[in-house]
Amino acid sequence: MSHHRNPRALLTPAMHGVLDRMARAAQVPLHAQTPQQARATYEANAGVLDLQPPKIDRVESFTLPARDGYDLPVRLYAPQATEPLPVLVYLHGGGFTIGSIATHDVLCRTLSHLAQCAVVSVAYRLAPEYRFPVAFEDAWDAVAWLARHGADQGLDSRRIAVGGDSAGGTLAAACALQARDAGVPLRLQLLFYPGCTAHADTPSHHTFAHGFVLEAAHIAYFFDLYIPDRADREDWRFAPLCAPDVEGVAPAWFGLAECDPLVDEGLLYADKLRAAGVAVDLELYRGVVHEFIKMGRLIPQARQAHLDAARALRHAFALAA
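Reading the values: the criteria
Residues numbered from 1 in each chain as written. Predicted model: local features only at pLDDT ≥ 70, side-chain atom pairs only at ≥ 80, totals over all residues. Heavy atoms only, no water. Axes fitted to C-alpha atoms, helices over the stretch in contact; angles between N-to-C directions. Helix = DSSP H or I, 4+ residues; strand = E, 2+ residues; numbered from the N terminus. Parallel < 35°, antiparallel > 145°, perpendicular 65-115°, else oblique. Left-handed = near helix turned anticlockwise from the far one by under 90°. Contact = heavy atoms within 4.5 Å. Nonpolar A, V, L, I, M, F, W, Y, C, P; charged D, E, K, R; others polar. Buried < 20%, exposed > 50% of the residue type's maximum accessible area, 1.4 Å probe, protein only. Core = buried A, V, L, I, M, F, W, Y, C linked by side-chain atoms within 4.5 Å. Pairing = 2+ DSSP bridges. Phe/Tyr/Trp six-rings, centres within 6.5 Å; stacked < 30°, edge-to-face > 60°. Salt bridge = Lys/Arg side-chain N within 4 Å of Asp/Glu carboxyl O.

(A) Region of interest: the packing of helix H3 (residues 105-115) against helix H9 (residues 300-316). One can describe the packing of H3 onto H9 by two numbers: an axis separation of 9 Å at closest approach and a directional angle of 55°. Put simply, H3 runs oblique to H9. Taken as a pair, H3 and H9 cross one another with a handedness that is right-handed. Taken together, the residues of H9 that come into contact with H3 (itself represented by Leu107, Thr110, Leu111, Leu114 and Ala115) are His306, Leu307, Ala309, Ala310, Leu313 and Arg314. Class assignment of the residues belonging to the contact of H3 with H9 gives a composition of eight nonpolar, two polar and one charged.

Below, the structure written as structure tokens:
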């Protein structure tokens, strides 16, 4: 996409206000903290701009077995239902290093409420304690388990979608590729500003490198913690744009932020899917930055993105509009 000579001029007034307040707060940037400190900082700030969480009839926490015997924590959100519910497997953002079920609790509640489907949020293991490809393997193990055992939780294992934001969007896109190869039919991949490239080298990475929440230094920090060997970054499980073939993957919904270093790679991956005959629905939210979907109290585009994503889920699951 074309980029503005003064990229800050693209921002909405409300988004400008949020960024100005963040700058005045002058917190130590995440990339200058240890991973443990960065997690605590992100947890403390995660809900500041979130909407009030909607009431959900059923919220349950349990574990699934990962391939190495690890008990993978998940949280199930579901409306009242008399029949098995379709389910979105949700993978939180955070550069494979920070973020949790708790940081994305309001978002998952909101999607479950608006789409009237179940959502299973997955606490995949984080870097640097667990490096590539553990996060992907945990994410896929959760999808595969639900495809086999979802009925035990009152879920319709024939109607599964996978979704996530940022690094979670990367994992969701990779799971959609794995699902195709494993013969597990998915109804949708729901991708909020996913990371898709190997080396953070598209034009938008330069245009929005500083001052737009996700900075170049954050990306380098997260990549170095999760996947320090640069040669590994060409692996499609980390960079879906490197997948040799995307034909036959699940239909995709993209929600991209205009003022985001990741916007170009989202557009490129959408184009790659379309070129392979995959159905793609893409929304580009103007004047907002990475992480905007968790700023619904002040950023109207976040509320619109929640509605758009829920509409895509309802369509994919053949639920009444």
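There is more to say, and it comes next.
(B) Spatial organisation of H3. Burial runs high along H3: nine of the 11 residues are buried. Every buried residue of H3 is accounted for by Asp105, Val106, Leu107, Cys108, Arg109, Thr110, Leu111, Ser112 and Ala115. Against the buried residues of H3 lie strand E1 (58-65), strand E2 (71-78), strand E3 (85-91), strand E4 (118-122), strand E6 (188-192) and H9. Immediately beyond the C-terminal end of H3, within one or two residues, lies Gln116, with a positive phi of roughly 55°.

(C) Quick peek at the nonpolar core. Counting 72 residues, the largest nonpolar core has Val122, Leu186, Phe254 and Leu273 as its most contacted members. Discounting chain neighbours no more than four positions away, the residues touching Leu273 are Gln189, Val246, Val249, Ala252, Phe254, Val278 and Val280. Leu11, Leu188, Ala305 and Leu313 belong to the second-largest nonpolar core, a separate cluster that totals 42 residues.

(D) Quick look at the pairing of strand E5 (residues 155-165). Most of E5 is tucked away, with nine of its 11 residues classed as buried. Bridge count for E3 against E5 is six bridges, and the pairing is parallel. Looking at the pairing, Val87 lines up with Ile160 of E5. Two strands pair when backbone bridges link them, and E5 and E6 are joined in this way by five bridges, in the parallel orientation. Pairing of Gly164 across the sheet is with Leu191, part of E6.

(E) Geometry of the packing of aromatic side chains. The full count for this structure, using the stated rule, is 13 aromatic pairs. Arranged with centres 5.9 Å apart and planes meeting at 55°, the rings of Tyr193 and Phe292 form a pair that is tilted. Highlighted residues: Tyr193 in the loop between E6 and helix H6 (203-207) and Phe292 in the loop between strand E8 (280-289) and H9, separated in sequence by 99 residues. The class for Tyr193 is buried, based on a relative accessible area of 0%. Here the aromatic rings of Phe254 and Tyr269 are separated by 6.4 Å at their centres, their planes lie at 65°, and the arrangement is edge-to-face. Residue Phe254 is found in strand E7 (residues 252-259), and its partner Tyr269 is found in helix H8 (residues 263-275); the two are separated by 15 residues along the sequence. Of the two residues, Phe254 and Tyr269, both sit in the buried class. Joined through ring pairs, the aromatic side chains of Phe96, Phe132, Phe223, Tyr226 and Phe238 make up one cluster.

(F) Representation of the pattern of salt bridges in the model. Under the definition given, this model contains 20 salt bridges. Among the ionic pairs, Lys55 bridges to Asp57, the shortest N-O distance being 3.9 Å. Between Arg311 and Asp308 there is a salt bridge, with its nearest N and O atoms 3.0 Å apart. Note that Arg311 and Asp308 are positioned in helix H9 at a spacing of three residues, about one turn of the helix. Taking the relative accessible area as the measure of exposure, Asp308 reaches 7% and is therefore buried.

(G) Examining the sheet that holds E2 more closely. Pairing in this open sheet of eight strands is mixed, and the strands run E1-E2-E4-E3-E5-E6-E7-E8 from one edge to the other. Edge strands, defined here as strands with exactly one partner in the open sheet, are E1 and E8. Recorded for the sheet is a direction-independent mean angle of 20° between the axes of neighbouring strands. Across the face of the sheet, helix H5 (residues 167-182) comes into contact with E3, E5 and E6 while running at roughly 140° to E5. Along the sheet, H9 makes contact with E3, E5, E6, E7 and E8, crossing E6 at roughly 170°.

Function cannot be read off these values alone, since they describe shape.
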